[in-house]
Amino acid sequence: MKRSNVVVGIVALGVALVAAACGNAATVAPTADTGPLTVWLMNGSAPDAVISALNTEFQAAHPGVTVNVELQQWGGISDKTNTALSTQSPPDVLEMGNTLVSGFASAGGLADLTSKQSSLGGGTWLQSLKEAGTLDGKLYGVPYYAGDRVVVYNKDLFARAGISAPPANRDELIADGQKLMTANASVPGFSALYLPGKDWYAIFSWVFDSGGNIATKSGTKWAGTLEDSAAQSALSWVKDMRSKVGTAPGDGDETKDDSVFESGKAAMVIEAGWHYGVIAKDKPELKDKLGVFPIPGASAAAPVFLGGSNLGIAAKSKHQGLALDYIKLLAGSKYQTQLAVQGGVIPNSTTLLNLHASDPVLSVADAAAARSWFVPNSPNWASVESNNILQDMLAKIFTGRASVADATKAADQALADKLNQ
Amino acid sequence: MQHVTSAAPATPLTGPAGRRSRLFGRRRAATVPWHVPYLLLAPAALALGAAVVFPFVYLVAISFQQFRARELIQDLPTHWVGLTNYRYILAKPEFWSVLGRTLIFAGVNVALTIAVGMGIALLLQRLGTRMRLLLSISMVLAWATPTVTATQVWQWLFDRDFGVVNWVLTSLRLGNFTQHSWLSDPTSLLGLATLIVVWGALPFVSLVLYAGLSQVPEDLYEAARVDGANAWATFRRVSLPLLAPILLVLTLLSTIWDFRVFTQIFVLQKSGGISEDTNLIGIWAYHQSFGGTPNYGRGAATAFIGVVILLMITAVLVGRMVRIGDES
C-alpha cells in the first residue's frame, strides 16, 4: 500500500517535470511569442486611462498576447528590482527612476538597446534623460518622461503681506519671506517657505546655482565636491534663509509639504509641478489662490533637478521583441502627448515641449527645466541615496549638530567611499 | 505497544527516584522501538534545518565570497575571496562606532526591560483580581500590536509639529516644547527607540515573571514575615533567588532581541534624525547587503560578525544557567 503510494507520487512528479519542460520549450520558440508581457510601471506616473488605451492598441497589434501591468511603489524599489532582474521570469518592461538606471545596467540586468535608438525616435530625446539611460556609451534606458520642481505659493497670503509679484531672485525670496513671517506672526508654527532640511532635490538647486556640484570624476575616481567654497557658501546661505523664513524641521523630509501648505501654515513649498493639482483637489478653496514660480537663484531662476523615468527591458526577459514594441508605443509621440496633457509630465522629446504652452503651471515647470542639474552618473549612485549621505549632511547643518565645513567634509568622504566601491 | 500504559505507573510517585523510573524506566524503553524518538523529532528537525540551519550555513558561505548584484543577476559564478569581506568591514571606523552603539543600546534596553518588567510583575502580585485582569489585558494588547504599527503610533505621539507629547509638556508648563524635535538628536532618537522597544518587550517579561512569582510557596513569605524581614529583604532573599533561573532566561532572550533591533530604528529614521549617527548593526548590515549597490558578501560578513559577538555574550549567560541547573 505504502510503496504503491510512493510510486504514484514519483510518477506524478515526473509528469509534472516533463510538462514544465514542455512549457519552457514552447515559450522560447521565436515564431509564436504569445507573451504574457509583464510591465512594471511606477505608481502615479501615468494616468490609468492612458495605459489602458495603450494596452488596447498593443493587443490589437499582437493578437493573443496578454499584458500585465503591475504598479510598483517607490519605497524599496531598488532592492525589489535587483531581485526581480535576477529571476528567470523578470518583468519584461520596467520603468526606472532616472537615477537608478546605471546601477541596474552595470549589474547586467538590462538589455542593450543602443541599436534600437534611432527606431525609437532617439534623435529628439531630452538630453538629460538620454544621458541618465546611458552607461559607457550604451543605451539601456529609453527616456520616458521628466519632471522638475517649482515653488507653489498661496497668492492670498502674498497679497495680504503686501507682496505684488513672486520673488525673482534669492534675495527677494528672503525679503518676501520675512514680510510673510511678520504678517502671519500670530499663526503658530507658520513658515513663509516650508523647506524641510532633508529635501536635497530642492536644496541642491542653490548649490548648482552657485556653480557647485555633488561629485566629479577624474580618470576613474570620483571625488566629492561639497567642501568646495561654492557648495559651502550656498549651503550656508540656505541655512540662513531657512532660519529667517520658516520653521520646517531641519531633519524632516518633504512628505508633509502638501499637508502643511493645505493647513495654511505655509505660504510656499517646493514641489513637483503636479502637486499643484493634488493641493487643488485636497483643498478646493485654495484652487484659485494657487500660483507657481521657478526656484529663485542668485540672479534668475536656479537650475532644477530633472527627475523622471526611463524604460528598460530586462536582460533575462523571454519576450524581448514584444517588450521593445511596447516601449515603442509608450515612448512614442502619440502616448507621450497623452501623458503630457493628461498626466502633466514633461514628455521625452524636444518636439513635444510646446504642449503645455497654455497651461499656467506646467509652462512654468517646462521653462524651468531649461536649466537643470543631475546626480553624478555612477552605477554606485543608488548607494549614496540609500545610505542617506546628502540627507544626513543637510540635517547636521540645519539642526546645528555640525558646522557647514565639518558636515561637507564628512559627506565628501562618504561620497568617495560609496562612489568608488 | 498496548501493554505499556497499563504496566507503567504501578508504584506511587514519592520522590525523584520514582519520577525518573516513570519517564525513563527500563520496561518502557524496551518496548518502544529505537527509531521512534528519532521519528518524532524528525519533523521539528526538518523544519529547523530548512528555516535556520540551511540559511545560516549559506550566510556563512557567502560571507567568504564576492557576491554582488552582478553575480546574482547574471548568474555568474561567485568567487571565494577568503577574508576580504571581513577585512573590509573591520577596517571601517563606521563599523566600530555602530557596534559600540549597538552594545550600549542593547545593554540599556535589557536592563530597563528586566527592571521594569520585575516591577510590573510585583505589582501584578499585589493587585486585586480586577485590576490585575485589566493590566494583563492591556499588556497582551500592547504585545499583540505589530512593531511597525506601534512605532508609527509612537512616532506620531512624539511628532515635532502635530505630536501630543509636545503639546502636553508645553501645556503643563514644563518648558517650551513647541516644535521640539525628538529625532534630530541621536541620543534622543535612540532614547525614543528604547522606549518603544522596552514597551514592546514588557508584556512578555512581566507576565513570565509574574507566573514565576506565583510559584513561590506562600509559607516562605510567611516565614520571612515571622523573622521580621521588610519588603526589600523579602524580595532579595526569597523572591529573587527563586526567580534567578527565569531572570537568566529572560535576560538571555532580551539580549538576543535587543541586539538585533531593526524595525523601530528603521521607521524612526524615515521620519527624521541623522541615519549615520543612529544606525545599529542590523540596519548597517542591511545597508551593506541591499542598500543601493548591493554587496551580499559584505552584508553576510557583517551579519556573521554580529552572530559571533552575540554568541560570546550569550555563552556567558548560558554558562550561568547550566551552573544553576546543576546546583538544583
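Residues numbered from 1 in each chain as written. Chains lettered and ligands numbered in written order. Predicted model: local features only at pLDDT ≥ 70, side-chain atom pairs only at ≥ 80, totals over all residues. Heavy atoms only, no water.

Focus on the interface of chain B and chain A
When the parts of a complex come together, some accessible area is lost, and that lost area is often used as the size of the interface. Counting residues at the interface gives 36 residues for chain B and 35 residues for chain A. Taken over both partners, the interface formed by chain B and chain A buries close to 2,700 Å², and the fraction arising from carbon and sulfur atoms is 41%. For the chain B face of the interface with chain A, the top three residues by lost area are I73, I274 and T293 of chain B, together amounting to 22%. Applying the counting criterion to the chain B and chain A interface returns 5 salt bridges. A salt bridge links K396 of chain A to E276 of chain B; its shortest N-O distance comes to 3.2 Å. Joining chain B to chain A, the criterion identifies 19 residue pairs in polar contact (both at pLDDT 80 or more). At the level of elements, α5 (69-74), α14 (263-271), α15 (281-290) and α16 (296-327) of chain B are the ones that each hand at least two residues to the side of chain B that touches chain A. If you tally residues by element for the side of chain B that touches chain A, the top one is α5 of chain B, at 5 residues. Each residue belonging to the side of chain B that touches chain A can be placed in one class, and the counts come to 13 nonpolar, 13 polar and 10 charged. (Contact = heavy atoms within 4.5 Å. Buried area = accessible area lost by both parts, 1.4 Å probe. Salt bridge = Lys/Arg side-chain N within 4 Å of Asp/Glu carboxyl O. Polar contact = N/O pair within 3.5 Å; in protein donor to acceptor, adjacent residues only side chain to side chain. Helix = DSSP H or I, 4+ residues; strand = E, 2+ residues; numbered from the N terminus. Nonpolar A, V, L, I, M, F, W, Y, C, P; charged D, E, K, R; others polar.)

So, the nonpolar core
Residues and elements named next belong to chain A. Core analysis: the biggest nonpolar cluster contains 57 residues, and L180, F204, M241 and M268 have the highest contact counts within it. The biggest single contributor to this core is helix α8 (residues 200-209), with 8 residues. Excluding anything up to four places from it in sequence, F204 contacts I214, L226, W373, L390, M393 and L394. Of all hydrophobic cores here, the second largest spans 31 residues; its members include A46, W125, I327 and L330. (Core = buried A, V, L, I, M, F, W, Y, C linked by side-chain atoms within 4.5 Å. Buried < 20%, exposed > 50% of the residue type's maximum accessible area, 1.4 Å probe, protein only.)

Details of the domain arrangement of chain A
Residues and elements named next belong to chain A. For chain A, the assigned domains are domain 1 (29-147 + 307-368) and domain 2 (149-305 + 387-419). On a C-alpha basis, the centroid separation for the pair domain 1 and domain 2 is 30 Å. Each partner contributes to the interface: domain 1 provides 8 residues, whereas domain 2 provides 8 residues. A buried area of about 770 Å², summed over both sides, lies between domain 1 and domain 2, and 78% of it is on carbon and sulfur atoms. Here domain 1 is connected to domain 2 by 0 salt bridges. The element contributing the most residues to the side of domain 1 that touches domain 2 is helix α14 (residues 362-368), with 3 residues. Looking at the side of domain 1 that touches domain 2, its residues break down into 5 nonpolar, 3 polar and no charged. (Domains from an automatic or database assignment.)

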